[in-house]
Amino acid sequence: MKLIILENYSQASEWAAKYIRNRIVQFGPGPGRFFTLGLPTGLPRDHPESYHSFMWNNFFKHIDISPENVHILDGNAPDLQAECDAFEEKIKAAGGIELFVGGIGPDGHIAFNEPGSSLVSRTRVKTLAMDTILANARFFDGDLSKVPTMALTVGVGTVMDAREVMILITGAHKAFALYKAIEDGVNHMWTVSAFQQHPNTVFVCDEDATLELKVKTVKYFKGLMLVHNKLVEPLYSMKEMGVERSQSKKPYSD
Amino acid sequence: MPSNKSVSDAPIVQFTNCRILRDHRLQREDLWVREGKILNPEKLFFDEKGSADVQLDCKDSIIAPGFIDVQINGGFGVDFSLATDDFKSGIDLVSQKILSHGVTSFCPTLVTSPPSVYHQILPQISVRNGGAHGAGILGAHLEGPFISKEKKGAHPEHCLRTFEAGAFQDLLATYGSLNGVQIVTLAPEMRRSSEVIQELTKRGICVSLGHSVANLSQAEEAVQHGATFITHLFNAMLPFHHRDPGIVGLLTSDKIPAGRRVFYGMISDGIHTNPAALRIAHRAHPKGLVLVTDAIAGMGLAPGRHTLGQQVVEIDGLNTYIAGTKTLSGSVATMDTCVRHFQEATGCSAETALEAASLHPAQLLGIEHKKGTLNYDSDADFLMLNDSLYVQATYIAGEEVWRQDVSGM
């Protein structure tokens, strides 16, 4: 794995954004050649305003993506399991997920794969942990009885199939989860730990998130920042794509 | 980008690189328009899987809802209270010219006139949508003749009337018909005004108090019977007095029925009201302030003499008086100058100044679901302005109907 440690939330976000941009440009997407970006499901679709609005306001309205290329799990589908299976098919049809970007919960979950989720799970209907329900209450006027208790989510196995996984972790409240994810063993109680067995993972975090890590770990990866920063400098653009692509090389592999 | 619209095939226009006035704030958002209405891009994206057909770069302009002028007596040589043979072309001329002032909807106003004038003119004013031909007509504003002699201002005394004999029937007989009438200004201290106000309100007509010597209780009673507007606050009414605030006291009255708001027109041309008075009114009741021009035929023309109904008025710079007197009669201000002057005098935000000329008049007339805002599904009547609030372009139903000539000012 690559552990990228930045000073704060803004810097971590910026580094991650630049990395994603370079990855997309280097991939050279075009008609029929999709760069499939995987993102975890947010709030269950049952609250139609919230998740779609969130994605629209924070992402889709700022870019020129075709609506046909946006696939969001539909919690209102008549047959939920069929919806999940179809989603897996769509991923295959698009050529597989090139890069999956996600965060983790304080309980170390990735997407809605709560503690206890199978590490080889696929897209499915998942029950939500109390922590998640409490966190989501704010979208339902604080009324716990209104918060959905289940959600559709990509599975741990689904994310493991992605060619690259990037996890963003910021804040002191995520520090313990980060420790469990990278310094402890692979454990289905901390589902993010599954990525220790993925060939291509990047963890991007801020100083606060490293509070539970060994000083040794933090020093090692901070020392590698010179090398890691080559992944975001120079910043590629689609226009210069032809020239740069032939020159770029990954600095090292895991 | 291929679009795949299941709801409509009409072209979708996306105005980008602009700041739009929405939810009382200027926000960096794109404005989407389809079939003359403001479109919700999120619904378009997710439900219809659609996208824009045309993208227009607004070069960082401000986009605000079109201005609504609820008190305008004429302009460019046209007098709405003068029954001429070419009255219709006169109203068409004004509605076309005021597009350059940012006005997309207006209420042609008639001052106190003899019944024959109303009978001749009113049938020629029809409510109609705006477009390339000019601003939309929301309906007539009848200012008088049921007003106070002591506060007639520029209105001709011999045409003043009362309705104490037959109340509403008298009013109806005077005007001939109330079809296409949007606002009536009257003096509430007149006998049987309550009945009249109730009848008018029942018919969906906005009742405004003005040209009156009413005290606060009479004004409050009128509001309780349905009045919702005050015609050019401070002008043609008793001055504010600390033991009887008169009509001005409605701004802070506690006798307004729950859920209702009293609006008040202000002519912010720098002449009708001292800026300090404008500030007092604005601070006392900011949400009720409606900018109006009260423009007369001379607006847009060179200084000199023009008519205002039965009277002759003299224009000297920005001042307009009854010829030979110092009695103010209307103004030659344009709506966009009023907006700018209002902002300057009160130091308010651009959003507040713009809303006083768009959102508030729409709320007054109960049409804010389709006019006066940039909310989804509203009529796409809007303006592009620069940071100093000069109108650069006017749009009605999503089509550009006026643009600032780049070559000359």
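Positions within a chain are numbered from 1, following the residues in the order the chain's sequence is written. Each chain gets a letter, beginning with A, and each ligand a number, beginning with 1, in the order they are written. Owing to the predicted nature of the model, reporting of local features is limited to residues with pLDDT of at least 70; listing and counting of side-chain atom pairs is limited to 80 or more, with chain, interface and lining totals taken over all residues. Excluding hydrogens and water, the side-chain figures rest on all heavy atoms present in the structure.

Trainee: Can you help me understand the overall build of chain B in this one?
Mentor: Helix and strand definitions follow DSSP, with helices as H or I runs of at least four residues and strands as E runs of at least two, each counted in order from the N terminus. Broken down by element type, chain B carries 10 helices and 22 strands. Considered along the principal axes of its C-alpha atoms, chain B spans approximately 70 × 45 × 40 Å. Out of the 409 residues belonging to chain B, those deemed buried represent 58%. Should any heavy atoms of two residues lie within 4.5 Å, those residues are counted as being in contact. In chain B, once contacts between residues fewer than 6 apart in sequence are set aside, the share between residues at least 24 apart is 69%. In this description, accessible areas are obtained by the Shrake-Rupley approach with a 1.4 Å probe, and a residue is regarded as covered only by the protein chains that are shown. Counting only carbon and sulfur atoms, one obtains 49% of the accessible surface of chain B, whose full area is about 16200 Å². Positive charge is attributed to Lys and Arg, negative charge to Asp and Glu, and no charge count is given to His or to the chain ends. Every charge is mapped to an atom, namely NZ of Lys, CZ of Arg, CG of Asp or CD of Glu. For chain B, the distance from the average site of its 34 positive side-chain charges to the average site of its 44 negative ones is 3 Å. Think of it in three bands: with a 1.4 Å probe and only protein chains considered, a residue is buried below 20% of the maximum accessible area for its type, exposed above 50%, and partly exposed in between.

Trainee: What's the story with the packing of aromatic side chains in this structure? I'm lost.
Mentor: Whether two aromatic rings pair depends on their centres lying within 6.5 Å, for rings of Phe, Tyr and Trp, where Trp uses its six-membered ring; planes under 30 degrees apart make the pair stacked, over 60 edge-to-face, and the rest tilted. Summed over all chains, the structure comprises 17 aromatic pairs over all chains. Ring centres of Phe27 of chain A and Phe35 of chain A lie 5.3 Å apart, and the angle between their planes is 90°; on these two criteria the pair is classed as edge-to-face. Here Phe27 of chain A falls in the buried class, since its relative accessible area comes to 12%. With 5.3 Å between their ring centres and 50° between their planes, Trp56 of chain A and Phe45 of chain B make a pair best called tilted. Remark: Phe45 of chain B occurs in helix α1 (residues 41-46) and Trp56 of chain A occurs in helix α2 (residues 48-58); the pair is interchain, linking two chains. An aromatic cluster is built from Trp56, Phe59 and Phe60 of chain A together with Phe45 and Phe46 of chain B, whose rings are joined through pairwise contacts. Geometrically, a lysine NZ or arginine CZ counts as sitting over a ring once it is within 6 Å of the ring centre and also within 35 degrees of the ring normal. Of note, Arg33 of chain A hangs over the ring of Phe27 of chain A, and the distance from its end group to the ring centre comes to 3.9 Å. Against the face of Tyr390 of chain B rests Arg340 of chain B, its NZ or CZ located 3.7 Å from the ring centre.

Trainee: Would you explain the interface of chain B and chain A in this entry?
Mentor: Facing 10 residues of chain B, the contacting portion of chain A comprises 13 residues. As a working definition, buried area equals the accessible area (1.4 Å probe) given up by two parts on being put together, with both sides summed. Summed over both partners, the interface of chain B with chain A buries about 1100 Å², with 66% contributed by carbon and sulfur atoms. We define a salt bridge as a side-chain nitrogen of Lys or Arg found within 4 Å of a carboxyl oxygen belonging to Asp or Glu. On inspection of chain B and its partner chain A, the count reaches 1 salt bridge. For the salt bridge of Lys61 of chain A with Glu29 of chain B, the shortest nitrogen-to-oxygen distance reads 2.8 Å.

Just distances and angles here, no functional claims.
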